[in-house]
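Chain and residue survey
Below, each chain spelled out in residue letters.
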Amino acid sequence: MKLQIALDDVTLEEALALVDRVKKYIDIIEIGTPLVYEYGMQAVRIMKERFPDKEVLADMKIMDAGCYEAKQALRAGADYVTVLGVTDNRTIKGCAETAGKYGKEIVVDMICVEQMEDRISVLEELGVHGLAVHTGTDQQAAGRTPLDDLKIMSSCVKNAKISVAGGISAETVDKYAQYKPEVVIVGGGICHAQDPEQAAKSIYQKLRENKDEA
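Definitions and cut-offs
- Residues numbered from 1 in each chain as written.
- Predicted model: local features only at pLDDT ≥ 70, side-chain atom pairs only at ≥ 80, totals over all residues.
- Heavy atoms only, no water.
- Buried < 20%, exposed > 50% of the residue type's maximum accessible area, 1.4 Å probe, protein only.
- Helix = DSSP H or I, 4+ residues; strand = E, 2+ residues; numbered from the N terminus.
- Arc of directions from axis to C-beta.
- Contact = heavy atoms within 4.5 Å.
- Pairing = 2+ DSSP bridges.
- Right-handed = clockwise from strand over helix to strand, strands pointing away.
- Axes fitted to C-alpha atoms, helices over the stretch in contact; angles between N-to-C directions.
- Parallel < 35°, antiparallel > 145°, perpendicular 65-115°, else oblique.
- Left-handed = near helix turned anticlockwise from the far one by under 90°.
- Nonpolar A, V, L, I, M, F, W, Y, C, P; charged D, E, K, R; others polar.
- Core = buried A, V, L, I, M, F, W, Y, C linked by side-chain atoms within 4.5 Å.

Moving on, we come to helix α6 (residues 116-125). The complete set of buried residues in α6 reads Met116, Arg119, Ile120, Leu123 and Glu124. For α6, the angular spread of buried residues about the axis comes to 135°, placing them on one side. Turned more than 90 degrees off the buried face of α6, the exposed positions are Asp118 and Glu125. Where α6 is buried, its residues meet α5 (89-102), β5 (105-109), β6 (130-134) and α8 (147-156).

See the structure below:
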């Protein structure tokens, strides 16, 4: 299991400093959607240049013009780009095909997707590389967690890699790790922790423990 840090409500300077503190424990650096809005692809370029040994995900949440928008992030150095699972199949297919040309991967964000089992089947036929369970902050505020969706996804995915995000922390990560997702995404659980380095270390160790028990 890989650990992905989600960098959202921070400045680029703060994000760089934070990654420098926790780099020993993370595998993927997510340039969150707020950072994409604020800094564009420059955030991707700078992060990849500063930490070339880490994978970078651009959380574009693409909804249209899949080929063009995916290409922007991939050319900037992103290893992964996100597209929304609720969008048109042609958009998703365009993203997947473009990523293939760069030897990189598309991750479908499943936030607000209904009838998940049916949608997953279609997405895998379209050739997507990854599927991400995502419970948004507004949904979390209403008391929803990603666990139920993760259970469904784990039971029906055939080929795609599974990622999971949504309020995960050192205290809750074991509940998610038992379903063996390929990627566990943590935002506030690291970024807002009193000691981000210790939080990242704790999550990293728990993921490794779960992996060893598999």
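On to the pairing of strand β2 (residues 28-31). Burial along β2 is two-sided: the residues Ile28 and Glu30 and Ile29 and Ile31 are all buried. Of the pairings in the sheet, the one linking strand β1 (residues 2-7) to β2 comprises four bridges and is parallel in character. Within β2, the residue paired with Ala6 across the bridge is Glu30. As a crossover connection, the stretch from β1 through helix α1 (residues 12-22) into β2 is right-handed.

This brings us to helix α4 (residues 66-75). Along α4, the residues classified as buried are Gly66, Ala70, Ala73 and Leu74. Seen along its axis, α4 keeps its buried residues to an arc of 100°; they face one direction. Exposed and facing more than 90 degrees away from the buried side of α4 are Tyr68 and Arg75. Those residues of α4 that are buried lie in contact with α3 (41-50), β3 (55-62), β4 (80-84), α5 and β5. At the exit of α4 stands Gly77, carrying a positive phi of roughly 115°.

What follows is about the side chain of Ser169. Position of Ser169 relative to the elements: it lies in the loop between β7 (161-165) and α9 (173-177). Given a relative accessible area of 14%, Ser169 falls into the buried group. Setting aside its immediate chain neighbours within four residues, Ser169 contacts Gly189 and Ile203.

Okay, the environment of Val113 next. Relative to the assigned elements, Val113 resides in the loop between β5 and α6. On the basis of relative accessibility, which here comes to 13%, the residue Val113 falls in the buried class. Placed 31 residues apart in sequence, Val113 and Arg144 show a C-alpha to C-alpha distance of 14 Å. Not counting chain neighbours up to four residues away, the residues in contact with Val113 comprise Gly85, Val86 and Arg119.

What follows covers the sheet that holds β2. Adjacent strands of a sheet form backbone hydrogen bonds with each other and so pair up, either parallel or antiparallel. If you trace the eight strands once around the closed barrel, you get β1-β2-β3-β4-β5-β6-β7-β8, paired in parallel fashion. Sheet twist, expressed as the average angle between the axes of neighbouring strands with direction ignored, equals 25°. Of the pairings in the sheet, the one linking β2 to β3 comprises four bridges and is parallel in character. Counted as the bridge partner of Ile29 is Val56 from β3. Against the sheet, α1 touches β1 and β2, its axis set at about 155° to β1.

For the pair α6 and α8, the least separation of the axes is 10 Å and the interaxial angle reads 45°. Taken together, the axes of α6 and α8 are oblique relative to one another. α6 and α8 meet at a crossing whose hand is right-handed. When α6 is examined against α8, the residues Met116, Glu117, Ile120 and Glu124 are found in contact with a partner set consisting of Asp149, Ile152, Met153 and Cys156. Its residues assigned to classes, the contact of α6 with α8 comprises five nonpolar, no polar and three charged.

Now for the nonpolar core. Nonpolar side chains in soluble globular proteins tend to end up buried together. Ranked by internal contacts, the top residues of the largest apolar core, which has 66 residues, are Leu7, Ile29, Ile31, Met47, Met110, Leu131 and Met153. With six residues, the single largest contributor to this core is α1. Those residues within four positions of Ile29 in sequence are excluded, and the remaining contacts are Ile5, Leu7, Val19, Met47, Phe51, Lys54, Glu55, Val56 and Leu57. Grouped together as the second largest cluster of nonpolar side chains are nine residues, Ile28, Leu57, Ala165 and Ile185 included.

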